[in-house]
Amino acid sequence: MRIGVFGGTFDPPHVGHLILAADARDALNLDRLIFVPASSQPLKADAPAVASPRDRLEMVRLVVADDANYQVDEAEIGREGLSYTVDTLEHLSTRYPDAQLFLLLGQDALQSFGKWKNTERIRQLATLAVMQRPGHKGYRADTTVEGAITVSTRRVDVSSTEIRERLRAGKSIKGFVPESVERFIDARGLYR
C-alpha cells in the first residue's frame, strides 16, 4: 500500500490543499492520503495558529469528508504540545507496517528540513515528496535533500493567510474553502 502523509497547520484548510492532495495522489499513485493537522509546529512557534487545534481538526475532517481516498489522523492533535513529524511517521509506520509512506512537503518546508527533529529517521520512515508549483514564489527546480522526489503540482494562488485576512476585512471566502468549512467558520466566528 502507498500512503501519502500531508501535514500542516490547516488554518484554515482550503481548495489549494485539496488540489495539491489530488495532484500528489495521482502522481505518486497513492492508495490513500492522510491529512495530519499539527497541534503546534516547532518552527512556527513565533506565529501560532489562530484557530484552536480542535477547530482545525474539525475543518480538515469537513474538507475530506466526501472523498474515500482521504482520511484524517488526529495523532498530533491528541498528543498536544509541539508536533514533530518523526513522531507522526513512527505512529503511522506502526499503524500501517506494510505501507510505503510518502511525506508531502512544500518547497518552503524542504528549505527548513535541516532544522527538523531527527531528519535521518524521517527519511528512513518515508520518501520525501516535494510538491513543486512552477511560477510560485520560492519555486526551485532542484531538491536539496538526498532521496527526495519531486512532484509537479498546479499553481493555485490561495493561502490560509489570505483567507484569514479576507475574513477579518469582512470579505467573502466563497470558492476559497468548501461550503462546509465556510459554514463552520461562520458558526464558530473564526478569524474575525
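Now for the pairing of strand 4 (residues 100-106). Within strand 4, five of the seven residues are buried, leaving the element largely enclosed by the surrounding structure. Bridge count between strand 1 (residues 2-8) and strand 4: four bridges; the pairing is parallel. By the bridge assignment for strand 4, isoleucine 3 is matched with leucine 101. One ladder, built from six bridges, connects strand 4 with strand 5 (residues 126-132); its direction is parallel. Bridge assignment links phenylalanine 102 to a residue of strand 5, and that residue is threonine 127.

Now for the pattern of salt bridges. A full pass over the atoms with the stated rule returns 13 salt bridges. Where aspartate 186 meets arginine 192, a salt bridge forms, and the shortest distance between an N and an O atom there is 2.5 Å. Judged by its relative accessible area of 44%, aspartate 186 is partly exposed. By sharing partners, the salt bridges in this structure join Arg54, Glu58, Arg61 and Glu74 into a single network.

For the coordinates displayed, the defined rule picks out five aromatic pairs. Each ring, one from phenylalanine 10 and one from phenylalanine 35, has its centre 5.8 Å from the other, and the planes form 50°; the classification is tilted. Of the two residues, phenylalanine 10 is situated in the loop between strand 1 and helix 1 (15-27) and phenylalanine 35 in strand 2 (residues 32-37); the sequence distance between them amounts to 25 residues. The class for phenylalanine 10 is buried, based on a relative accessible area of 4%. On the basis of relative accessible area, phenylalanine 35 is assigned to the buried category, the value being 1%. Between phenylalanine 35 and tyrosine 70, the ring centres sit 5.5 Å apart and the planes meet at 85°, which makes this aromatic pair edge-to-face. Highlighted residues: phenylalanine 35 in strand 2 and tyrosine 70 in strand 3 (residues 70-72), separated in sequence by 35 residues. No difference in accessibility class separates phenylalanine 35 from tyrosine 70, as the two residues are buried. One aromatic cluster in this structure is built from Phe6, Phe10, Phe35 and Tyr70. Its guanidinium or amino end placed over the ring of tyrosine 84, lysine 117 lies 4.6 Å from that ring's centre, counting from NZ or CZ.

Attention now moves to the side chain of aspartate 23. Topologically, aspartate 23 is positioned in helix 1. Take aspartate 23: its relative accessible area is 11%, and that puts it in the buried class. When sequence neighbours within four positions are dropped, the list of residues in contact with aspartate 23 reads Val151, Ser152, Thr153 and Arg154.

Time to look at unusual backbone geometry. That bond from aspartate 11 to proline 12 is cis: its omega, 0°, falls within 30 degrees of zero. Although it is not a glycine, asparagine 118 sits at a positive phi angle of roughly 55°.

Let us now look at the nonpolar core. With 36 residues, the main nonpolar core has Phe6, Leu28, Leu33, Phe35, Met59, Leu104 and Ile185 as its most contacted residues. Broken down by secondary-structure element, the contributors of at least two residues to this core are helix 1, strand 2, helix 2 (53-64), strand 3, strand 4, strand 5, helix 7 (160-168) and helix 8 (179-188). Sort the elements by how many residues they give to this core and helix 2 lands first, with five residues. With near-sequence residues (within four places) excluded, methionine 59 lies in contact with Pro12, Pro13, Ala51, Val181, Phe184, Ile185, Leu190 and Tyr191. Listed in part, the 22 residues of the second largest apolar core include Val36, Tyr96, Leu128 and Val145.

Conventions used here
- Residues numbered from 1 in each chain as written.
- Predicted model: local features only at pLDDT ≥ 70, side-chain atom pairs only at ≥ 80, totals over all residues.
- Heavy atoms only, no water.
- Buried < 20%, exposed > 50% of the residue type's maximum accessible area, 1.4 Å probe, protein only.
- Helix = DSSP H or I, 4+ residues; strand = E, 2+ residues; numbered from the N terminus.
- Pairing = 2+ DSSP bridges.
- Salt bridge = Lys/Arg side-chain N within 4 Å of Asp/Glu carboxyl O.
- Phe/Tyr/Trp six-rings, centres within 6.5 Å; stacked < 30°, edge-to-face > 60°.
- Lys NZ or Arg CZ within 6 Å of the ring centre and 35° of its normal.
- Contact = heavy atoms within 4.5 Å.
- Core = buried A, V, L, I, M, F, W, Y, C linked by side-chain atoms within 4.5 Å.

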